[in-house]
Amino acid sequence: MVLGVHDEDKVRTLTFRRPEAANSFSEELYRATAAALDAAAADDGVSVVVLTGEGKVFSAGTDLKEMAAIAQAVASGDATPDTGKGFQILMDAVVNFPKPLLAAVNGPGIGLGLTILPHCDLVLIAEGAKLSAPFTTMGVAPEAASSYLLPRYLGPQKANLVLLWGHPLTAEEAVEAGLALRTCPREKVLAETLELARELATKPLPSLLATKRVITEAHRDAVLAARAREDAAFSELLKG
C-alpha cells in the first residue's frame, strides 16, 4: 500500500509509503491521499489529520518518471480524459479539507513536499530538513497556489529566490517565515506532531470546523485563482 492510514484518539495519520521513490507522488498515491482526506472529512470520529512520510524523506513531489510517461501518453493521443488528474484531485481535497490538517515533515520536502505545507494548519519540521521547489530547473511552472502562498509567507524576494531559482529553504528558515511552527529532532517530529494533534482533537469538532473555515475563507478565492493560473502555465509549458 502506498498510503498508511492509522486512527487513534480522533487523529488520523496518513503516511506516504513510497520510500523506494523518496515518497514521490504517483497517480496512485495522489488519489489514495485524496480519498483518505475526503473520508476523514466525512467521518465524525476524526477531528484532525496528520500527514507524514515513511523513512527519512517527507516527499520528493511528483514522480517524474510517471509524469514523463503521462505526458507521452497525452502527446500520442493514448490518454483518457482522467489520465494524469491525480494532482488536481489531491489539491481539491487539500484545499477543501474542513478539519485541522497537520504535517510532520520528517525529512526533505521537494516540489509538492514543500508546496503542500502552506495548506496545512500546523507544521513541525525535522532539524536539518530542506525544502525546495525546483520548478524552473524542470522547465515547468509553480503548483498548488505556491505562486500566491509562498510570497505571503516568505516575502516576495525570498519567494522569488525559491520559485525562480529553486533556492532551498532550511528548516530554520521555514520556522522563521511562519511556514512551520518549530523544528524537532527527526526521530521526534511525528510524536510531537501527534501530541499537538491529540490536544486539538479534544476541542469540540464544530468549533474546530468553524474556526478553520473563517481562517481559510479569507484567502480561498485567491488560492483558487492562483491554481488556475498555474495550471494554465504548466499546460502551456508542456505543449512547448
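Model, not experiment: these values are computed from the prediction. (Residues numbered from 1 in each chain as written. Predicted model: local features only at pLDDT ≥ 70, side-chain atom pairs only at ≥ 80, totals over all residues. Heavy atoms only, no water.)

J.: It is not clear to me how the overall build of the protein chain should be interpreted in this structure. Could you clarify?
T.: When you go through the protein chain residue by residue, the secondary structure sums to 11 helices and nine strands. Taking 18 Å as the expected radius of gyration for a compact globule of 240 residues, we find that the protein chain reaches 17 Å, a close match to that expectation. Principal-axis analysis of the C-alpha atoms gives the protein chain an extent of 50 × 40 × 35 Å. Residues classed as buried in the protein chain amount to 44% of the 240 residues present. (Helix = DSSP H or I, 4+ residues; strand = E, 2+ residues; numbered from the N terminus. Rg over C-alpha atoms; globule rule 2.2 N^0.38 Å. Buried < 20%, exposed > 50% of the residue type's maximum accessible area, 1.4 Å probe, protein only.)

J.: It is not clear to me how unusual backbone geometry should be interpreted in this structure. Could you clarify?
T.: In most cases, non-glycine residues show a negative phi, while peptide bonds are predominantly trans. With a phi close to 55°, Asp9 is a non-glycine residue in the positive phi region. Along the chain, Asp9 turns up in the loop between β1 (3-8) and β2 (11-16).

J.: What exactly am I supposed to notice about the pattern of salt bridges here?
T.: When the charged atoms of two side chains with opposite charge come close together, those side chains can pair. Counting across every chain of the model gives 10 salt bridges. Notably, a salt bridge pairs Arg17 with Glu54, separated by 3.1 Å at the nearest N-O pair. One end of the pair, Arg17, is in the loop between β2 and α1 (27-42); the other, Glu54, is in the loop between β3 (48-53) and α2 (64-76), with 37 residues separating them in the sequence. The class of Arg17 is partly exposed, set by a relative accessible area of 39%. Salt-bridge contacts for Lys158 lead to Glu173; the nearest nitrogen and oxygen are separated by 3.4 Å. (Salt bridge = Lys/Arg side-chain N within 4 Å of Asp/Glu carboxyl O.)

J.: How should I be thinking about a nonpolar patch on the surface in this particular structure?
T.: Taken together, the side chains of Leu161, Leu164 and Trp165 present a nonpolar region at the surface, about 360 Å² in accessible area. Here Trp165 shows up in helix α7 (residues 156-165). Residue Trp165 is classed as exposed on the basis of its relative accessible area, which comes to 57%. (Patch = residues over 30% accessible without salt bridge, like charges linked within 9 Å, V, L, I, M, F, W, Y side chains within 5 Å. Areas by Shrake-Rupley, 256 points an atom, 1.4 Å probe, with all protein chains shown as cover.)

J.: Which parts of the structure should I look at to understand the sheet that holds strand β9 (residues 182-184)?
T.: On the basis of which strands lie adjacent, the open sheet formed by six strands has the order β1-β2-β3-β4-β6-β9 and mixed pairing. Edge positions in the open sheet fall to β1 and β9, since each of these has one partner strand only. The sheet shows a mean angle of 20° between the axes of neighbouring strands, taken without regard to direction. When β3 meets strand β4 (residues 101-105), the two strands line up parallel, connected through four bridges. If you follow Val49 over to β4, its bridge partner there is Leu101. (Pairing = 2+ DSSP bridges. Axes fitted to C-alpha atoms, helices over the stretch in contact; angles between N-to-C directions.)

J.: Would you mind going over the side chain of Thr193 with me for this structure?
T.: Positionally, Thr193 belongs in helix α9 (residues 189-201). The exposure class of Thr193 is buried, given its relative accessible area of 1%. Residues within four places of Thr193 in sequence aside, it is in contact with Val50, Leu102, Ala103, Ala104 and Leu124. (Contact = heavy atoms within 4.5 Å.)

Read these as geometric descriptors, not functional statements.
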